[in-house]
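Close look at the chain arrangement
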Amino acid sequence: MTGKRVVLVTGGQRAGKSGYAQRLALSLSPNPVYLATSRIWDDEFRKRVERHKRDRGPEWTNIEEEKLLSQRDLTGRVVVIDCVTLWCTNFFYDNQGDVESSLSQVKAEIDRLFRQEAFLILVTNEIGMGGVPMDKTQRAFTDLQGWVNQYIAAKADEVVLMVSGIPLKVKG
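Our subject in this report is the structure included herewith. Computed from a predicted model, the values in this text were never measured in an experiment.

**Points about the overall build of the chain**
- Looking only at helices and strands, the chain has five helices and seven strands in total.
- Ordered by position from the N terminus, the helices and strands of the chain form the series β-α-β-α-β-β-α-α-β-α-β-β.
- In terms of overall size, the chain behaves like a compact globule, its C-alpha atoms giving a radius of gyration of 15 Å where 172 residues would be expected to give roughly 16 Å.
- Counting only C-alpha atoms and orienting by the principal axes, one finds that the chain spans roughly 45 × 40 × 35 Å.
- Looking at the chain as a whole, 45% of its 172 residues qualify as buried.
- Pairs at least 24 residues apart make up 75% of the contacts formed inside the chain by residues separated by at least 6 positions.
- Within the structure as shown, the chain displays about 9,100 Å² of accessible surface, and the carbon and sulfur contribution to it stands at 50%.

Dropping the structure here:
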């Protein structure tokens with residue numbers, strides 16, 4: 001492992017974020033961890049998750065954790081956390097759309113997670129780049145996601161913006 005570090009990989013949908021994060025992790029460790037944050041909402045999504053696990057290969061340690069990422073012992077590991085957006089969705093949903101409660105809980109969990117001695121690569125989405133959503137719930141979630149991204153980026157050692165599969169270093 002290359003020491004304690006936080007890298008945030010951000011960008012739009014299908015910009016190449018996960019692929020970049022996975023390649024980075026494999027360049028740092030022969031057996032990285034893939035920490036999946038999504039909640040399985042339906043059978044189609046379950047099949048998608050299983051396909052992604054198969055595609056990653058046996059060198060990965062796969063962990064599924066919907067909210068309490070810091071309770072997993074990641075000491076000494078290179079970890080891809082994919083993704084912050086789905087992770088925030090779990091808090092937002094469980095808090096019935098309460099942005100302040102969700103933001104407070106997510107920030108506290110980030111602080112606990114970042115205390116671990118691990119190389120963390122977090123994947124997130126820049127969902128606010130497409131304009132202001134028409135729906136009140138979507139606007140509230142976009143605000144939450146933007147504030148969480150800013151919080152992580154401020155603490156990260158490195159921030160990479162993916163644009164059309166091309167990594168652009170923003171910080172670090």
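**Some remarks on the pairing of strand S6 (residues 158–163)**
- Pairing of strand S1 (residues 5–11) with S6 involves five bridges; the strand directions are parallel. Each bridged residue has a counterpart across the sheet, and for Leu8 the counterpart in S6 is Val159.
- With five bridges joining them, S6 and strand S7 (residues 166–171) adopt antiparallel strand pairing. Paired with Leu161 across the strands is Leu168, a residue of S7.
- The loop that links S6 with its antiparallel partner S7 comprises two residues; one of these, Ser164, has a positive phi angle of about 50°.

Basis of the calculations
- Residues numbered from 1 in each chain as written.
- Predicted model: local features only at pLDDT ≥ 70, side-chain atom pairs only at ≥ 80, totals over all residues.
- Heavy atoms only, no water.
- Helix = DSSP H or I, 4+ residues; strand = E, 2+ residues; numbered from the N terminus.
- Rg over C-alpha atoms; globule rule 2.2 N^0.38 Å.
- Buried < 20%, exposed > 50% of the residue type's maximum accessible area, 1.4 Å probe, protein only.
- Contact = heavy atoms within 4.5 Å.
- Areas by Shrake-Rupley, 256 points an atom, 1.4 Å probe, with all protein chains shown as cover.
- Pairing = 2+ DSSP bridges.

Distances and angles like these do not, on their own, reveal function.
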